[in-house]
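Observations on the three-dimensional arrangement
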Amino acid sequence: MNSTLAGILVYIVVQLIIGFLVSKKIRNEEDYLLAGRSLGYGLAIFSIFATWFGAESCIGTAGAAYELGLAGVTADPFGYAVCLIVMALVLAVPLWKMKLTTIADLFKIRFSQRTERLTAIIMIPTSLLWAAAQIRALGMILSASSELTATMAITLAAAVVIVYTVMGGLLADAITDVVQGVALIAGLVILIPIVMTSDTVTAIPDLFVFRDSATVHSWWSSLEEWAIPICGSLVAQELISRVIACRSPQIAKRSTLLAAGMYLVVGIIPLTLGLAGFYLIPGLEEPEHVLPMIAQKYLPSWMYVLFAGAIVSAILSTVDSALLSCSALFSHNILLSMKPGVAEKQKLLYNRLGVVGMGILAYILALHAEGVYNLVKDASSLGSAGIFVVAMFGVFTRFGKEKSAITALLLGVVVWMVASYGYEFELSYLLALAVSFAGYIIVASFENGKPA
């Protein structure tokens, strides 16, 4: 076993130990899914940052920049940073005050239980895709750092994240976020000046221009690229769980805003390294290997071990959130809504079994995915157009009832899937947003004069 793989395994073991120790403090569903709503500034800021700053930022974005240049990267870090800013300034306080457990609870409170269940059903595949992206990214790192094949590495990654998530819940995740966040930021900050001052990079004057004019998008295509991470991720359970787990609405708002700034500044680094990697390590068969390979080439061995371990820890954090979200939506909003009066211990069992089941499904998706970046984009797109439209009406207006909500939710899914996979329409997400909005308005207009 080489030193890099050994170092990564040490990170994993430490994280598993933390999960085990924290698991002893978990008494109920709220402790498991929302850390008992106890997050202060430190845990909240790093938890929000680390939940988003995982595979898509470190591995997916660097790989996309390597393969397509600057024109190939929009969502991360720019789109997701804007999403966090909007969440902080517009939604964090209202959502916190509703005392939700999941985003689907909003649809139950504002519309109906049927709307809640439909929302959960639509959102579960989204979180599964997100989890699969993280599992695949972790597998890519293990594969690049060892003699393991990609399939073997992804299998090992899936087993680790399932065990870790089952044990610790959100609180263990938040605690480890602080450690890995500091380590990851430190590693990137050390790596970027070393790479950018190398002779190869300083000899390239056009690093930040578009390498291929064919990848430059039209105005509408650019709007599509921005709408997916902003609108789609504003209603993501992974983000909302962090916001509503804070101790107060003020902490929720300020922590999300600070995490957005941190995310944008740090997120520029993997993008830049991916662009530089095109010239430093040309001809890679797996573009997603570019960041770990640059770190391995330019950092001292001991520092690379720490850096690789920090990336692994960041990915574990992100996949933990995704699997918790899947389990929460299934157990809390579907299964337990049909079985009122269930004891807290039974709720915990359902949630943990849900993590195992969803983890296995995410593993299967990770094996067959084309790449981390595409997985993340699909995760932000699938069904979220309708959910975004209904959530905005639900939070800020009293216009519309159950039928308008269900209409918009179904239109968002169907229109996006048909446009994306049936016709390969370039603006499928914008079309889904527009049709969902129109559907909600039309049906709500008929509902408006009727009693609830």
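Scroll up a little and you will see the structure.
Here, residues in each chain are numbered from 1, in the same order as that chain's written sequence. A pLDDT threshold of at least 70 governs which residues receive local features in this predicted model, and a stricter bar of 80 or more applies before side-chain atom pairs are shown or counted, although totals over entire chains, interfaces and linings include all residues. Excluded from the side-chain calculations are hydrogens and water; all other atoms, namely the structure's heavy atoms, are used.

On to helix H15 (residues 344-368). For H15, with 25 residues, the first-to-last C-alpha span of 37 Å sits near the 36 Å given by 1.5 Å per residue. For the exposure calls, accessible area comes from a 1.4 Å probe over protein chains only, and a residue counts as buried if that area is under 20% of its type's maximum, exposed if over 50%, partly exposed in between. For the purposes of this entry, the term helix denotes a DSSP run of H or I that reaches at least four residues, the term strand denotes a run of E that reaches at least two, and both are numbered from the N terminus. Those residues of H15 that sit buried are Lys347, Leu348, Tyr350, Asn351, Gly354, Val355, Met358, Gly359, Ala362 and Ala366. By the convention used here, residues are in contact when the closest approach between their heavy atoms is within 4.5 Å. Where the residues of H15 are buried, they touch helix H2 (29-34), helix H7 (113-144), helix H8 (150-196) and helix H14 (301-335). By definition here, a helix of n residues has an expected span of 1.5 Å times n minus one.

Take the environment of Ile192 next. By the secondary structure assignment, Ile192 is in helix H8. Residues Ile192 and Pro270, 78 residues apart in the sequence, show an inter-C-alpha distance of 8.6 Å. If we ignore the near neighbours within four places in the chain, the residues touching Ile192 are Ile269, Thr272 and Leu273.

Turning to the pattern of salt bridges, a few remarks are in order. In what follows, salt bridge is the name for a side-chain nitrogen of Lys or Arg lying within 4 Å of a carboxyl oxygen of Asp or Glu. Taken as a whole and assessed by the stated rule, the structure comprises 5 salt bridges. The salt bridge partner of Lys347 is Glu344, with a shortest N-O separation of 3.6 Å. Note that Lys347 and Glu344 are positioned in helix H15 at a spacing of 3 residues, about one turn of the helix. Residues participating in the shared-partner salt-bridge network are Asp173, Asp177 and Arg242.

A word on the environment of Leu299. With respect to the helices and strands, Leu299 occurs in the loop between helix H13 (290-298) and H14. Take Leu299: its relative accessible area is 7%, and that puts it in the buried class. Taking the C-alpha atoms as reference, Leu299 lies 9.3 Å from Val195; in sequence the two are 104 residues apart. Among all residues touching Leu299, those that are not within four sequence positions of it are Ile190, Leu191, Ile194, Tyr304 and Phe307.

Treat this as a map of the structure, not an account of what it does.
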